[in-house]
Every structure is written in structure tokens, then in C-alpha cells.
Amino acid sequence: MHRSRIIGCGAYLPERIMTNHELARMVETSHEWIVSRTGICQRHIAAEDECTSDLALKAAQAAMDDAGITADDIDLIVLATTTPDQTFPATATQVQAKLNMTRGAAFDVQAVCAGFLYALAIADNFLTAGQAETVLVIGSETYSRILDWQDRRTCILFGDGAGAVMLRRADGNGNSNDRGVLSTHLHSDGRLHDLLYVDGGPSSTQTAGHVRMAGREVFRHAVIKLTEAVEEALEANDLTAKDIDWLVPHQANKRIIDGMARKLGLAPEQVVLTIDRHANTSAASIPLALCEAVRDGRIKPGHLILMEAIGGGLSWGSSLVRW
Ligand code: UT7
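The rules behind the values
- Residues numbered from 1 in each chain as written.
- Predicted model: local features only at pLDDT ≥ 70, side-chain atom pairs only at ≥ 80, totals over all residues.
- Heavy atoms only, no water.
- Near = heavy atom within 4 Å.
- Polar contact = N/O pair within 3.5 Å; in protein donor to acceptor, adjacent residues only side chain to side chain.
- Areas by Shrake-Rupley, 256 points an atom, 1.4 Å probe, with all protein chains shown as cover.
- Helix = DSSP H or I, 4+ residues; strand = E, 2+ residues; numbered from the N terminus.
- Nonpolar A, V, L, I, M, F, W, Y, C, P; charged D, E, K, R; others polar.
- Pairing = 2+ DSSP bridges.
- Axes fitted to C-alpha atoms, helices over the stretch in contact; angles between N-to-C directions.
- Contact = heavy atoms within 4.5 Å.

1. A few points about the site of the ligand
Item 1. Of all residues adjacent to the ligand, which total 24 residues, the nearest are T29, R37, R216, N253 and N280.
Item 2. R37 places a polar side-chain atom, nitrogen or oxygen, 2.8 Å from an oxygen atom of the ligand.
Item 3. Across the complex, the protein chains shield 76% of the 950 Å² of accessible surface that the ligand would expose by itself.
Item 4. Going through the elements one at a time, α2 (31-38), α6 (215-236), α7 (254-264) and β12 (304-311) are the ones with two or more residues in the shell around the ligand.
Item 5. Looking at the shell around the ligand, the element that brings in the most residues is α6, giving four residues.
Item 6. Per-class residue counts for the shell around the ligand are eleven nonpolar, seven polar and six charged.

In C-alpha cells form, the structure reads like this:
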């Protein structure tokens, strides 16, 4: 049986850092409020001339270097983003062009903060179905462009950044000891649209719009739905929480992440946290966190990694990966 193995990862964060203190001079908030409610201390903000594809390109190049892969080796680019450079074409095709990649296919996936898991699931299906050999999965966002900087309920939460993983088809035995993607589980419920959305778009207002969120309600759904998705992933692989080495969660709120770790009986040291420095980078948050923990040597070959995310839609999911 085929498995999708992650053979490299890369990350990129824009140079400019915006602290909570800086935000407190723009809206009625405080560093203390933001840290205690979310765990966020700062976020990175893209430069005026930096687009989602520029961030994605840098993360992609780092992942390619890490994997020892050239553009000619890549069959497919799947890019998760909610903040594309343009309405069309897909930002993934911009990355494809910037990489001088002249073969294969490239497209975007829109599943907001769950975008990376959706992109990973698509890539995994292409690879295990034998339709691709090597796939580049990217999560890249410039949320700063769709924030209402007057709205303290949302503008304090998000940041810009990109992360990427290189996947390659490998052989496996079909059990949970295989190295690679063991499972992906995706869900959405469009009836919950009004809890988290952007109040604009090409077909409705012909503007890009701004993020709107009923934070407390999203929080409530996050706790319930992420727990279910994690249970589903463990059950599907005949594993228990005790088997997990690392939780690499979507970084939306430290309180949600801490709650999940407690429920799973994981020690705080087993949770990869970047929210303090990156804030919520939507589709980029999981690959950014993953890459950090791989680079600093925490994640080692054979380790079992649990990923989970929820965002607008609502859309959510989970994945188990044996590194
Ligand atoms: O990535 C996509 C998924 N997103 C999430 O998972 C986000 C889930 N939600 C959350 O993380 C939290 O709900 C928030 C961090 C967004 C908000 O935290 P909260 O503890 O749920 O606060 P709240 O919305 O219940 O607001 C509590 C109070 C309110 O004042 P009143 O009505 O009690 O007087 C808000 O107006 O805090 C006020 N408030 C603020 N105060 C200072 C809201 N935002 C701020 C702020 N600074 N930035």
C-alpha cells in the first residue's frame, strides 16, 4: 500500500512584527487582555509589496531545499489560503510560475483555518491513488489585508505567514507504524456560516471585505468539534491518546489548545505552540508550527503527530502523521 511521506518542510514569516502594545495604541485593548484571553503576544505583518504568493514561495523554497527536491520533480501544488493574491487565477499558479515549474498542476483550496488539513487530505489522496509522485502543500496567508483594524474583537487575533510541506509517495504496510500520513478526517457545516465569515467578495459586494466573528460561539463549537475529530482520527487508526507524541494544533486560542491537551492527557511539553509569536495565521498555522518543531529537533522520525483545526464555514478536521 502507498503512503504519503513528508520529506521536507519550510516556513516563512514577514519581517515586521506588531506587538500587542502597538495594537493597544490603535484600538481599546491591552497586552494583558490579549495574552490572558488568547495567548498571543505579537504577530508578523506582510510588507505592502508582499503578497500571499511571495510568502508561499519562500516557504515552498525552504521545503524544497529541506527535501532536496527541484521544481522539475513536483507534480502538484496544493495551496491553502483565504487571502489569495487575486480572485483568479489561483495563487498556487503564481507560486508555480515563480518556481519556474513548467509541468504538473497547481490549484488553491479554500477551507479557511482548516485549509492546511484540507490541502493535506487532497495531496494524500492524489499520492495514494497513484496520480502524483511528489506534491507540495502550502498554507499561506496575509490576513492583515482582510482585518477591520477598528474592530478589537478580531484585529488582535490574526497574523501573516506561510508554511509548506513536501510529500512523496512511499510504500507502507497499511498499519499505524507506517511513516507518513496515517489519516485525514474533514468536516464542514455551512449552516454555521454567520459565526465566522468575511463580509465581502467578488460576487456579493465586489470588495475584499473584512473578517467578522462571533468569538464566543466559535470557541464553543471549536471545543466540541475538535474533540470529536480527534477521537475519530485515533479510532480510525486503532490508537489512543497515549500513543501521541506531539499535538500540532491550529493556533487560534491557547485556551482551546490547552483544553485539548488536558483532555488527551498530554503534558504541556508535548504541545507545539507558536500562537504567542505568530498569532492565528489561519491555513499557515499548522505547517509553521510543524516546521518549527522539526527544525529544533523536537519531532523525530517515528513520532506520532496529531493535527487538528477549525475555521470559517465552519470547516474542521484532524490528521495523524507518523514522522
Ligand atoms: O481560527 C478560527 C477559529 N477561531 C477561533 O477558534 C476563535 C475562538 N474564539 C476565541 O478565541 C475567543 O472567543 C476570543 C479570543 C475571540 C474572545 O475571547 P472571549 O473570552 O470569548 O471574550 P468575549 O468575546 O466573550 O468578550 C469578553 C469581553 C467583552 O466585553 P463585555 O461584553 O463582557 O463587556 C468584549 O467586548 O471582552 C471584550 N473584548 C475585548 N476587550 C479588550 C473583546 N475583544 C477585546 C479586546 N480587548 N481586544
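2. Overview of the sheet that holds β12
Item 1. Sheet architecture is open: four strands sit in the order β8-β13-β12-β11, paired in mixed fashion. Of all strands in the sheet, those with a lone pairing partner are β8 (180-188) and β11 (246-249), marking the two edges. Neighbour-to-neighbour, the strand axes of this sheet turn through a mean angle of 15°, independent of strand direction.
Item 2. Across four bridges, the pairing between β11 and β12 is parallel. Each bridged residue has a counterpart across the sheet, and for W246 the counterpart in β12 is I305.

3. Things to note about the sheet that holds strand β5 (residues 105-109)
Item 1. If you trace the five strands from one edge of the open sheet to the other, you get β1-β7-β6-β4-β5, paired in mixed fashion. The open sheet has two free edges, formed respectively by β1 (2-12) and β5, since each of these has just one partner strand. Averaged over neighbouring strand pairs, the angle between their axes works out to 20° when direction is ignored.
Item 2. Relative to strand β6 (residues 134-142), strand β4 (residues 76-80) runs parallel, the two being bridged by five bridges. In the sheet register, A80 faces β6, and the bridge partner there is G139.
Item 3. Sheet contacts for helix α3 (residues 52-67): β1, β4, β6 and β7 (160-171); angle to β1, the most-contacted strand, approximately 120°.
Item 4. Packing against the sheet, helix α4 (residues 91-98) makes contact with β4, β5 and β6, and its axis sits at approximately 145° to β5.

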